[in-house]
Amino acid sequence: VSNSLAIIELPPSLLLGWPALLSKEKESMKNLTRLFFISAVMLTLVLAIPLAAQDTVQANKAVVTTYLDFVYNQMDLDGASTLLAENVVFHDPIWDSRDIKGFVENYRLLYDRVRDLKITPYTLIGEGDFVAVPYLWEGSKEPKEPRAALEPLSGNAVEFFKVLDGKIVEIWRQYEQHAFSILGT
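Below is a summary of the structure that appears in this document.

**Structural notes on the pairing of strand β7 (residues 167-175)**
Each regular strand displays side chains that alternate between the two surfaces of the sheet.
Then, number 1: In the sheet, strand β1 (residues 84-91) pairs with β7 via four bridges, with the strands oriented parallel. In the sheet register, L84 faces β7, and the bridge partner there is I168.
Then, number 2: Linking two consecutive strands that pair antiparallel, namely strand β6 (residues 151-164) and β7, is a turn of two residues; a positive phi of about 50° is found at D165 within it.

Dropping the structure here:
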């Protein structure tokens, strides 16, 4: 038995093909790199769209939160008015107004009838231009009998807001049924 090493001879035509194979490998790597770069750019753009939408929703929620604080907790109608579009529309079971003047008149009536009005939002839900806010409202009203203590009030409500360009353009509000008796309607 011979311990000789077998040498395989390759035909010259096969050896001459190696540079071509290496060139194809380099070209494939370049194409793969280009594909990766294009994919990364496209992915960044696709992800940026929802982020921009999230930024808008967060900005809309901030507008609504500030508005609710002005109206219900601070009773600052001038501050709240700065967040309303000129032709804001209110949809409310008790009143309907189509402008800021009507808004101010209606809330002055509410403030005359409900003392110490405060709200506590349960959550804020935003989608696109819309923000929904279910909340607990609390306050008190003048007693029916003279010298009696203020009567505590509370209930649940929900408001839906449409916000465009940082201004509230439309509000839908719904109260629990007993809220109507508080306002004398």
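**Concerning unusual backbone geometry**
Then, number 1: Residue M75 is not a glycine yet carries a positive backbone phi of 55°.
Then, number 2: Relative to the helices and strands, M75 resides in the loop between α2 (18-74) and α3 (77-81).

**As for the packing of aromatic side chains**
Then, number 1: The final tally for this structure, using the stated rule, is four aromatic pairs.
Then, number 2: With a centroid separation of 5.6 Å and 75° between ring planes, the pair formed by Y67 and F161 is classed as edge-to-face. One end of the pair, Y67, is in helix α2; the other, F161, is in strand β6, and 94 residues separate them in sequence. Each of the two residues, Y67 as well as F161, counts as buried.
Then, number 3: Relative to Y107, the ring of Y72 lies with its centre 5.9 Å away and its plane at 75°, an arrangement referred to as edge-to-face. Taken together, the positions of Y72 in helix α2 and Y107 in helix α4 (residues 100-113) put the pair 35 residues apart, joining distant regions of the chain. An identical accessibility class is assigned to Y72 and Y107; each is buried.
Then, number 4: Taken together, Y72, Y107 and Y135 form an aromatic cluster joined through their ring pairs.

**Brief notes about α4**
Then, number 1: With 14 residues, α4 should cover 20 Å at 1.5 Å per step; its first-to-last C-alpha distance of 20 Å lies within 8% of that length.
Then, number 2: Burial in α4 covers these residues: G102, F103, V104, N106, Y107, L110 and Y111.

**Regarding the nonpolar core**
Then, number 1: Core analysis: the largest hydrophobic core is formed by 33 residues, its most contacted members being Y67, Y72, F103, Y107, F161 and I168.
Then, number 2: What F161 contacts, discounting residues up to four positions off in sequence, is V64, Y67, L68, D129, F130, V131, V133, I168, E170 and I171.

What counts, and where the lines are drawn
- Residues numbered from 1 in each chain as written.
- Predicted model: local features only at pLDDT ≥ 70, side-chain atom pairs only at ≥ 80, totals over all residues.
- Heavy atoms only, no water.
- Pairing = 2+ DSSP bridges.
- Helix = DSSP H or I, 4+ residues; strand = E, 2+ residues; numbered from the N terminus.
- Phe/Tyr/Trp six-rings, centres within 6.5 Å; stacked < 30°, edge-to-face > 60°.
- Buried < 20%, exposed > 50% of the residue type's maximum accessible area, 1.4 Å probe, protein only.
- Expected span 1.5 Å × (residues − 1).
- Core = buried A, V, L, I, M, F, W, Y, C linked by side-chain atoms within 4.5 Å.
- Contact = heavy atoms within 4.5 Å.

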